[in-house]
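Coordinate analysis (summary)
Residue-level listing of the chains:
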Amino acid sequence: MHHLSIGRLAETTGVHRKTIIEVEAGRVAARISTLHGIAHALGVPLSELLAPVCARHPKAVGRPTPLVQE
């Protein structure tokens, strides 16, 4: 994982520095394209970036929830 400044991360992902700050602080919900750009800039899979959020979800049971219920 790369250790980037907020300014460099914003530049690399193509979003405003303030957006990175707001997303990091949890004050705004980021677009999936923004999260994908952040993950790419950091050199990690999107799933790794989202893992801490998914683990805190009230329905987390240790395995992914299918998008379509059978």
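This one's a predicted model, so the numbers in the text were calculated from it and none came from an experiment.

Re the pattern of salt bridges
Within the structure shown, the criterion is met by two salt bridges. With a closest N to O distance of 2.9 Å, E11 and R8 form a salt bridge. Highlighted residues: E11 and R8, both in helix α1 (residues 6-13), separated by three residues, approximately one helical turn. Judged by relative accessible area, which is 44%, R8 ranks as partly exposed.

Some words on the packing of α1 against helix α3 (residues 32-42)
The contact between α1 and α3 brings their axes to 9 Å, and the two run at 115°. Note on packing geometry: the crossing formed by α1 with α3 is right-handed. Facing L9, T12 and T13 of α1, the residues of α3 in contact are G37, I38, A41 and L42. Grouping the constituent residues of the contact of α1 with α3 by class yields four nonpolar, three polar and no charged.

So, α3
Those residues of α3 that fall on the buried side of the exposure criterion are T34, L35, G37, I38, A39, A41 and L42. Once α3 finishes, G43 follows within two positions and takes phi at roughly 75°, a positive value.

Details of the side chain of E22
Topologically, E22 is positioned in helix α2 (residues 17-25). For E22, a relative accessible area of 18% translates into the label buried. Other than its neighbours up to four places away in sequence, E22 contacts R27 and V28.

How each quantity is defined
- Residues numbered from 1 in each chain as written.
- Predicted model: local features only at pLDDT ≥ 70, side-chain atom pairs only at ≥ 80, totals over all residues.
- Heavy atoms only, no water.
- Salt bridge = Lys/Arg side-chain N within 4 Å of Asp/Glu carboxyl O.
- Helix = DSSP H or I, 4+ residues; strand = E, 2+ residues; numbered from the N terminus.
- Buried < 20%, exposed > 50% of the residue type's maximum accessible area, 1.4 Å probe, protein only.
- Axes fitted to C-alpha atoms, helices over the stretch in contact; angles between N-to-C directions.
- Left-handed = near helix turned anticlockwise from the far one by under 90°.
- Contact = heavy atoms within 4.5 Å.
- Nonpolar A, V, L, I, M, F, W, Y, C, P; charged D, E, K, R; others polar.

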